[in-house]
Amino acid sequence: METISKILESKTRVQYQDCDPFNHLNNSKYIDYIMAARTEQLLHEYDFNTSELAQKQGIGWVSAQTQISYFYPAWSLSSRRKQSPQICYYCFCFENR
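Below is a summary of the structure that appears in this document. (Residues numbered from 1 in each chain as written. Predicted model: local features only at pLDDT ≥ 70, side-chain atom pairs only at ≥ 80, totals over all residues. Heavy atoms only, no water.)

### Details of the side chain of Asp-18
Turning to step 1, where the next piece is worked out: Turning to its location among the elements, Asp-18 is positioned in the loop between β1 (7-13) and α1 (27-46).
Turning to step 2, where the next piece is worked out: Asp-18 has contacts with His-24, Leu-25, Asn-26, Lys-29 and Tyr-33, leaving out every residue within four places of it along the chain. (Helix = DSSP H or I, 4+ residues; strand = E, 2+ residues; numbered from the N terminus. Contact = heavy atoms within 4.5 Å.)

Below, the structure written as C-alpha cells:
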C-alpha cells in the first residue's frame, strides 16, 4: 500500500501586483495564494484534479471559514512556502429507488 504525504508543501513567489503600497502582500491575497497552492498540491501529490471534478461531475467545495495569523510580512518577490495538512475526501452517492 502506498503511503501518502500527511503534510503537503509548495513554494510560490509573492507577486508585485498583489502587494500594497508598503510592499506587503495584501491581506485579501493570502486566501488566493492558499487556495492556488492547495489546488496544485492536490494535483501534484494525489493526482486529484479539482477543476475536472467540477466540470465533469458538477461538484466542488468552498472555504466556509478562514483564520489567518500574520507572523511575518510577505514582501514583494519574496519566496513563500505553504504547507497543508492531509485532507479526507468522502463522496456519498444516493440513488432514488
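### Some points on α1
Turning to step 1, where the next piece is worked out: Taking 1.5 Å as the rise per residue, α1 with 20 residues should run 28 Å; its terminal C-alpha atoms sit 29 Å apart, in good agreement.
Turning to step 2, where the next piece is worked out: For α1, every residue scored as buried is listed here: Tyr-30, Tyr-33, Ala-37, Arg-38, Gln-41 and Leu-42. The buried residues of α1 occupy an angular sector of 165 degrees when the element is viewed end-on, so they sit on one face.
Turning to step 3, where the next piece is worked out: Between a side-chain oxygen at the N-terminus of α1 and the backbone nitrogen of Ser-28 the separation is 3.0 Å; the capping residue is Asn-26.
Turning to step 4, where the next piece is worked out: Positive backbone phi, at 55 degrees, marks Asp-47, one or two positions downstream of α1. (Expected span 1.5 Å × (residues − 1). Buried < 20%, exposed > 50% of the residue type's maximum accessible area, 1.4 Å probe, protein only. Arc of directions from axis to C-beta. Polar contact = N/O pair within 3.5 Å; in protein donor to acceptor, adjacent residues only side chain to side chain.)

### Details of unusual backbone geometry
Turning to step 1, where the next piece is worked out: Positive phi values are uncommon outside glycine, yet Asn-23 reaches one of about 75 degrees.
Turning to step 2, where the next piece is worked out: For Asn-23, the location among the structural elements is in the loop between β1 and α1.
Turning to step 3, where the next piece is worked out: The exposure class of Asn-23 is partly exposed, given its relative accessible area of 30%.

### Here we look at the packing of aromatic side chains
Each aromatic ring pair is characterised by the separation of its centres together with the angle its planes make.
Turning to step 1, where the next piece is worked out: One pass over the structure, following the stated rule, counts one aromatic pair.
Turning to step 2, where the next piece is worked out: Ring plane angle 80 degrees and centroid distance 5.0 Å describe the contact between Tyr-30 and Tyr-70, whose orientation is recorded as edge-to-face. Taken together, the residues span a long stretch of sequence, with Tyr-30 in helix α1 and Tyr-70 in the loop between α2 (50-57) and β2 (79-85) at a distance of 40 residues. (Phe/Tyr/Trp six-rings, centres within 6.5 Å; stacked < 30°, edge-to-face > 60°.)

Purely spatial values, then, with no claim about function.
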